[in-house]
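Descriptive structure summary
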Amino acid sequence: MLRLTDVWSWWAALWAPLFVLALGSAAYEWRLTARSHWRLGPAEWVLLAVAHLSLLASLAIASGLLPR
């Protein structure tokens, strides 16, 4: 069965649960942050922005929108 399919489909199947877990944790963190967003300090806002930008950049690289 492995000989009949492409190797990239197996990598996608192996990494899909980790990707779903990462998206779920990011959504959960965003929800928690939205509840207490007025209590964040300036440094926490910068870290939050950097975390979201790095997530967007990694998704863009993984999907092929940005070169590696």
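To start, this report covers the structure provided alongside it. The structure displayed is predicted, hence computed values, not measured ones. (Residues numbered from 1 in each chain as written. Predicted model: local features only at pLDDT ≥ 70, side-chain atom pairs only at ≥ 80, totals over all residues. Heavy atoms only, no water.)

Scanning the protein for helices and strands turns up two helices and zero strands. Per-residue burial for the protein yields a buried fraction of 6% across its 68 residues. Entry remark: accessible area of the protein is about 6200 Å², with carbon and sulfur atoms responsible for 75%. (Helix = DSSP H or I, 4+ residues; strand = E, 2+ residues; numbered from the N terminus. Buried < 20%, exposed > 50% of the residue type's maximum accessible area, 1.4 Å probe, protein only. Areas by Shrake-Rupley, 256 points an atom, 1.4 Å probe, with all protein chains shown as cover.)

In this section: helix α2 (residues 42–63). The end-to-end C-alpha distance of α2, which contains 22 residues, comes to 32 Å, matching closely the 32 Å that a straight helix rising 1.5 Å per residue would cover. Note on α2: the residue one or two positions beyond its end, G64, has a positive phi of about 90°. (Expected span 1.5 Å × (residues − 1).)

Taken together, the side chains of L14, W15, L18 and L21 make up a nonpolar region of the molecular surface, amounting to roughly 470 Å² of accessible area. Along the chain, L21 turns up in helix α1 (residues 7–35). (Patch = residues over 30% accessible without salt bridge, like charges linked within 9 Å, V, L, I, M, F, W, Y side chains within 5 Å. Salt bridge = Lys/Arg side-chain N within 4 Å of Asp/Glu carboxyl O.)

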